[in-house]
Amino acid sequence: MSRHVAVIGAGIVGVSTGIWLRRAGCEVTLVDRGSPGSGTSHGNAGILAACAMVPVTTPGLLRKAPGMLMNRDFPLFLRWPYLPRLLPWLRGYLAKANDADTRRIARDLAPIVADSVEQHRSLCADLGLGHWVTDSDYCFAYRSRADFEAEAYVWELRRAAGFVPEIITGGAVRDYEPALGPEIGAVAVMKQHGYIRSPGGYVQALARAFEEMGGKIIQAEVRDVDLTGGQVSAVLTDQGRLECDDLVIATGVWSKPLMRKLGIKVPLESERGYHVVFEGAEGGPSRPFMIASGKFVATPMEQGLRCAGIVEFGGLKAGPSRAPFDLLRRQVKKAFPQLQARNEIEWMGHRPAPTDSLPLIGEVGQSRVFTAFGHHHIGLTGGPKTGRLVAGLIAGQGINTDLAPYHPQRFS
């Protein structure tokens, strides 16, 4: 196709979009103020979480939230000075914590995440990068069978999407994973999942492959979008003007101000996430584990064991807080008491969280501006599928997924 597409954002979503657009024959330029894979796409837990279609906003969250905030051992934090700015978003977010909305969101997230491993393999198929995708079980660790059963509502929604766990209890837990501590008494094992051993390195490798396919990457900060006659004609950056026929906004939580320039106010907040990498770790798990009591994921990676999770609300400007790191370390010690490491690396980043927990995927009116952001916890999981869908829209290919739930103007 003789079209030039500008893609803002060089994380997993943007790079995936660029690769699929190049396969369709489009000229593509990726624009990012940082290097590819250096933001949220670097700092995630690395899981291709095909069963992750259930939102955080399940029934009862509104009642439980105050107690969660006051509990120093619960992985939810708030920088209180930020609360007045957070309140409008928070009201919309908590309003979805009911049965009808939860079931609707889970149903609508499933097409984006359920075939994650296959989508990553399709993305890598002819690029020689298939070794980055590791097949594995994805395990949910609980203190007891009763704690697992207490989450019956969530597991019912996963089963409805075709994901049925194998339950291991008692002494068989340590047979399955010797690294787990005595506090873990039950494990729900999800088969046919996968993970990436170095998410940042993976996206960087994809970006290099994109350039080898003829794509261009420029490091610049986008300041505005030029709409001529209601359609995009250029992106204005601190490095100059970039002419384009189509534009894809795929820059996570930083997409919000760009959408405002298009006259659309998106209820999007940063959900600040934390991780600690235990370099050269010994005594850690041999496969990814979600530790239910601490709401964090432990993933064996090239660098060591990465433990990622925690939810903190505090905006984009404030630096990392100490308490989330301290809690994460306490929870890791309980789950994996034999863990030893030669060094520890801390990281904090920003997950893009819309009030309805659904990404924004599609065209803004008839502007030739397309959105591909707002993936909350599932950016790595759903990035390749999202990129494929958006590239298909731009290239005029048939789309066999109903995109109505992800419409970028649904909040208008």
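Structure first, text after, so check above.
Bear in mind the structure is a predicted one, so any value in this text is a computation, not a measurement. Sequence order as written defines the numbering, with residues in each chain counted from 1. Local features in a predicted model are, by the rule used here, given only for residues with pLDDT of at least 70; side-chain atom pairs are given and counted only at 80 or more, and totals for whole chains, interfaces and linings are based on all residues. Excluding hydrogens and water, the side-chain values take into account all heavy atoms of the structure.

Peer 1: Run through the nonpolar core, naming residues and quoting values.
Peer 2: Among the nonpolar cores identified, the biggest contains 71 residues, and Tyr138, Phe140, Tyr202, Leu206 and Val248 are the most heavily contacted of them. Note on conventions: DSSP H or I runs of at least 4 residues are helices, E runs of at least 2 residues are strands, and numbering of each starts at the N terminus. The dominant element in this core, judged by the number of residues it contributes, is helix H10 (residues 199–212), at seven residues. When neighbours within four sequence positions are excluded, Tyr202 is seen to be in contact with Ile12, His120, Leu123, Cys124, Trp132, Val133, Ile196 and Leu380. Take the buried Ala, Val, Leu, Ile, Met, Phe, Trp, Tyr and Cys residues and link them wherever side-chain atoms come within 4.5 Å; each set so joined is a nonpolar core. Only protein chains enter the area calculation, which uses a 1.4 Å probe; residues under 20% of their type maximum are buried, those over 50% are exposed, and those in between are partly exposed. Counting residues in hydrophobic clusters, the runner-up holds 29 residues, among them Ile184, Phe296, Val332 and Phe336. Contacts are assigned to residue pairs with any non-hydrogen atoms lying within 4.5 Å of each other.

Peer 1: Describe the sheet that holds strand S9 (residues 222–228), listing the residues and the values that go with them.
Peer 2: Here a strand pair is declared whenever DSSP counts at least two bridges between the two strands. Read across the open sheet, the three strands follow the order S9-S10-S11; overall the sheet is antiparallel. In this open sheet, the two edge strands, each paired with only one partner strand, are S9 and strand S11 (240–243). Across this sheet, the average inter-strand angle for adjacent strands is 25°, counted without regard to direction. The pairing of strand S10 (residues 231–237) with S11 spans four bridges and is classified as antiparallel. Across the sheet, the residue bridging to Thr237 is Gly240, located in S11. Only the stretch in contact is used when a helix axis is fitted, and all axes are lines through C-alpha atoms; the angle between N-to-C directions ranges over 0 to 180 degrees.

Peer 1: Tell me about the pairing of strand S13 (residues 268–279), residues and numbers included.
Peer 2: Burial within S13 is extensive, with twelve of its twelve residues counted as buried. Alternating positions in S13 separate into two faces, Leu268, Ser270, Arg272, Tyr274, Val276 and Phe278 on one and Glu269, Glu271, Gly273, His275, Val277 and Glu279 on the other, with burial throughout.

Peer 1: Go over the pattern of salt bridges with me, naming the residues and quoting the values.
Peer 2: Only one rule defines a salt bridge in this text: a Lys or Arg side-chain nitrogen within 4 Å of an Asp or Glu carboxyl oxygen. Tallied over the full model, the rule gives 26 salt bridges. Residue Glu243 is joined to Arg241 by a salt bridge in which the shortest nitrogen-to-oxygen separation is 2.6 Å. Glu346 is the partner of Arg322 in a salt bridge, and the nearest nitrogen-oxygen pair spans 2.5 Å. Placement of the pair is Arg322 in helix H12 (residues 322–335) and Glu346 in strand S17 (residues 343–354), with a sequence separation of 24 residues.

Peer 1: Quick rundown of the packing of aromatic side chains? Include the residues and the values.
Peer 2: Any Phe, Tyr or Trp ring, taking Trp's six-membered ring, that has another such ring centre within 6.5 Å forms a pair; planes under 30 degrees apart are called stacked, those over 60 apart edge-to-face, and the others tilted. Under the defined criterion, the tally for this structure stands at eight aromatic pairs. Both rings, one in Trp132 and one in Tyr202, keep their centres 6.2 Å apart while their planes meet at 45°; by these two values the pair is tilted. Linking Trp132 in the loop between helix H6 (116–124) and strand S5 (133–142) with Tyr202 in helix H10, this pair joins segments that are 70 residues apart in sequence. Of the two residues, Trp132 and Tyr202, neither departs from the other in class, the shared state being buried. Ring plane angle 75° and centroid distance 5.6 Å describe the contact between Tyr142 and Phe148, whose orientation is recorded as edge-to-face. Take Phe148: its relative accessible area is 6%, and that puts it in the buried class.

Peer 1: Report on empty space enclosed by the protein, specifying residues and quantitative values.
Peer 2: Buriedness for pockets is judged along seven lines, at least five of which must meet protein on both sides within 12 Å for an open set on the 1 Å grid over protein atoms alone, while cavities are sets there where a 1.4 Å probe fits but cannot get out, and lining residues have an atom within 4 Å of a point. Grid points are joined across faces, edges and corners, and a volume is the space filled by probe spheres set on the points. Applying the stated criterion across every chain yields a total of one cavity of 30 Å³ or more. Of the volumes computed, that of the largest cavity is approximately 40 Å³. Residue lining of the largest cavity: Arg143, Glu183, Ile184, Ile291, Ser293, Gln331, Lys334 and Ala335, and that is the complete set. Sorting elements by how many residues they give to the lining of the largest cavity places H12 first, with three residues. Put simply, Ala, Val, Leu, Ile, Met, Phe, Trp, Tyr, Cys and Pro go in the nonpolar bin, Asp, Glu, Lys and Arg in the charged bin, and everything else, Gly too, in the polar bin. Residue composition of the lining of the largest cavity, by class: three nonpolar, two polar and three charged.

Peer 1: Describe the layout of surface pockets, listing the residues and the values that go with them.
Peer 2: If you add up the space inside the second largest pocket, you get close to 490 Å³. Lining the second largest pocket are 20 residues, with Tyr82, Arg85, Lys256, Leu268 and Glu269 sitting closest to its centre. For the lining of the second largest pocket, the secondary-structure elements that each account for two or more residues are helix H4 (83–94), helix H11 (255–261) and S13. Grouping the amino acids of the lining of the second largest pocket by side-chain chemistry returns eleven nonpolar, three polar and six charged.

Peer 1: An account of the packing of helix H1 (residues 12–23) against helix H13 (residues 379–395) is needed here, citing residue identities and associated values.
Peer 2: Interhelical geometry of H1 versus H13 gives an angle of 40° and a closest axis separation of 7 Å. Here the hand of the crossing between H1 and H13 comes out right-handed. Counting all contacts with H1, which are made through Ile12, Val13, Ser16, Thr17, Trp20 and Leu21, the residues of H13 involved are Gly379, Leu380, Gly383, Pro384, Thr386, Gly387, Arg388, Val390, Ala391 and Ile394. Here the residues of the contact of H1 with H13 are counted per class, giving nine nonpolar, six polar and one charged. The hand of a helix crossing depends on one turn: near helix anticlockwise from the far one by less than a right angle means left-handed, and clockwise means right-handed.

Peer 1: Break down unusual backbone geometry for me, citing the residues and quoting the values.
Peer 2: Unlike most non-glycine residues, Gln192 shows phi in positive territory, near 55°. Here Gln192 lies in strand S7 (residues 186–196). When its relative accessible area of 73% is taken as the criterion, Gln192 is described as exposed. The phi angle at Lys295 is positive, at roughly 50°, despite the residue not being glycine. Tracing the backbone shows Lys295 in the loop between strand S14 (289–291) and strand S15 (296–300).

Peer 1: Describe H6, listing the residues and the values that go with them.
Peer 2: When H6 is considered as a whole, its buried residues turn out to be Ser116, Val117, Gln119, His120, Leu123 and Cys124. For H6, the angular spread of buried residues about the axis comes to 165°, placing them on one side. It is the directions from the helix axis to the C-beta atoms that the arc portrays.

Peer 1: Please set out the sheet that holds strand S1 (residues 4–8) residue by residue, giving values where relevant.
Peer 2: Ordered in space as S8-S2-S1-S12-S19-S18, the six strands form an open sheet in which the pairing is mixed. If you trace the sheet from one side to the other, it starts and ends with strand S8 (216–219) and strand S18 (360–363), each paired once. Between one strand axis and the next, the sheet turns by 20° as a mean value, whatever way the strands run. In this structure, S1 lies alongside strand S2 (residues 27–32), joined through five bridges in parallel fashion. Each residue of the ladder has a partner; that of Ile8, found in S2, is Val31. Where H1 meets the sheet, it contacts S1, S2, strand S12 (246–249) and strand S19 (369–373), and its direction lies at approximately 170° from that of S2.

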